[in-house]
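# Structural overview
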Amino acid sequence: MPKLSKLSRSVAGRRVLITGCASGMGRATAMLFADEGARVAVTDLHHEGAETVAAKIREAGGQAKAWKLDVSNPEEIREVVAAVAREFGGIDILVNNAGIAIPTPVDAAHYMDTWELTHKVLLTAQVLIIREALPHLRESDGARIVNIASTEGLGATGGNSAYAAAKTGVIGLTRSLAIELGKEGITVNCVCPGPINTGMTAGISDEDKVVYARRRTALRRYGDPEEVAHATLSLCLPAASFITGVALPVDGGLTIRRA
Ligand code: NAI
């Protein structure tokens, strides 16, 4: 049957760079893009973890190559972004996902260390990678940037202020860049996951997760990494060409729930 619409819902052949792919949402996102036919640069601080994910993708018939990338290291960012662009012949999609969470009360002796590291990994890294990737994204016919923020950037929990501040920064960064790069057809969006079962939340007991999810979310449960990956992928489709500057909660209704 001839198609009655013109925008594509496929990322097949798109060249994607994702950070923090050895675990959680990064891994799920790398696997989903590969399942959908994209060529995936699987990067992580832990090289072995990235290699394992890339190997799994290739075993399943997908296209992926792993790189060690510590996003807190500007030199490594420069080298890896250039290497990915060389290997794939360009970059169409960037997913800034890598993250850490170190809950620290503001009066703790080491608070400023937490602040600096948190901002380096969560916020400064996203800017540095975008700056390096930009010349390549500008060559693409449908460039997409997705920054992973958090519901901690929309509201906040106590004892986690460095993280909340950095994630709020990610949302501001996304909005401003969406305007700045919009005239070039590059979309910039962010995804705000709520409570998701990943390495980051692995230290929380199942009982505590159940209580929290029942009390706080509409869907009464934690989310799976793949559910967030699908939101990210949706923002990267050619068909998402008029969506830019959004902060999309993928949170089971956490943000809208009052009681
Ligand atoms: P995770 O701990 O399962 O995965 C994070 C990945 O980032 C790991 O593979 C880790 O090695 C990598 N990473 C850490 N520091 C890095 C660095 N300096 N350079 C490169 N890679 C580094 O955690 P998760 O949950 O999958 O986190 C992904 C993103 O989602 C993060 O930005 C996080 O802040 C965000 N997020 C997570 C939520 C959750 O409930 N799990 C909720 C909201 C946001």
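Residues numbered from 1 in each chain as written. Predicted model: local features only at pLDDT ≥ 70, side-chain atom pairs only at ≥ 80, totals over all residues. Heavy atoms only, no water.

This brings us to the sheet that holds strand S1 (residues 15-18). The seven strands are arranged S3-S2-S1-S4-S5-S6-S7 in an open sheet whose pairing can be described as parallel. Looking at the sheet topology across the chains shown, the edges are occupied by strand S3 (63-68) and strand S7 (247-250). The average angle at which neighbouring strand axes cross in this sheet is 20°, direction not considered. Bridge count between S1 and strand S4 (residues 93-96): three bridges; the pairing is parallel. (Pairing = 2+ DSSP bridges. Helix = DSSP H or I, 4+ residues; strand = E, 2+ residues; numbered from the N terminus. Axes fitted to C-alpha atoms, helices over the stretch in contact; angles between N-to-C directions.)

Tallied over the full model, the rule gives three aromatic pairs. Ring geometry for Tyr111 and Trp115: centres 6.4 Å apart, planes at 35°, overall tilted. Here Tyr111 pairs with Trp115, and both are found in helix H4 (residues 111-139), just four residues apart, close to one helical turn. Tyr111 gets classed as buried once you look at its relative accessible area, which sits at 7%. With a relative accessible area of 29%, Trp115 lands in the partly exposed category. (Phe/Tyr/Trp six-rings, centres within 6.5 Å; stacked < 30°, edge-to-face > 60°. Buried < 20%, exposed > 50% of the residue type's maximum accessible area, 1.4 Å probe, protein only.)

In this structure, Arg220 takes a positive phi of about 60° despite not being glycine. Position of Arg220 among the secondary structure elements: in the loop between helix H6 (206-216) and helix H7 (225-236). For Arg220, a relative accessible area of 46% translates into the label partly exposed.

Below, the discussion takes up the site of the ligand. Taken together, 29 residues sit near the ligand, with Ser23, Asp44, Asn97, Tyr163 and Thr198 positioned nearest. One nitrogen or oxygen atom from the main chain of Leu69 is found 3.5 Å from a nitrogen atom belonging to the ligand. Thr198 is positioned with one of its side-chain polar atoms (N or O) 2.5 Å from an oxygen atom of the ligand. Isolated, the ligand exposes 840 Å² of accessible area, and the fraction of that covered by the protein chains is 92%. For the shell around the ligand, the elements supplying multiple residues, two or more each, are helix H1 (24-35) and helix H5 (161-182). (Near = heavy atom within 4 Å. Polar contact = N/O pair within 3.5 Å; in protein donor to acceptor, adjacent residues only side chain to side chain. Areas by Shrake-Rupley, 256 points an atom, 1.4 Å probe, with all protein chains shown as cover.)

Two elements in contact, H4 and H5, have axes separated by 9 Å at closest approach and are oriented at 20°. In terms of axis orientation, H4 runs roughly parallel to H5. Judged by the twist between their axes, the crossing of H4 over H5 is right-handed. Two secondary-structure elements touch here, H4 through Tyr111, Thr114, Trp115, Thr118, His119, Leu122, Leu123, Gln126, Val127, Ile130, Leu134 and Arg138 and H5 through Ser161, Ala162, Tyr163, Ala165, Ala166, Lys167, Gly169, Val170, Leu173, Leu177 and Leu181. Residue classes in the contact of H4 with H5 are distributed as 15 nonpolar, six polar and two charged. (Parallel < 35°, antiparallel > 145°, perpendicular 65-115°, else oblique. Left-handed = near helix turned anticlockwise from the far one by under 90°. Contact = heavy atoms within 4.5 Å. Nonpolar A, V, L, I, M, F, W, Y, C, P; charged D, E, K, R; others polar.)

Taken together, the side chains of Asp35, Glu36, Asp224 and Glu226 make up a negatively charged region of the molecular surface. Among the structural elements, Asp35 can be located in helix H1. (Patch = residues over 30% accessible without salt bridge, like charges linked within 9 Å, V, L, I, M, F, W, Y side chains within 5 Å. Salt bridge = Lys/Arg side-chain N within 4 Å of Asp/Glu carboxyl O. Lys, Arg positive; Asp, Glu negative; His and termini not counted. Charge placed at Lys NZ, Arg CZ, Asp CG, Glu CD.)

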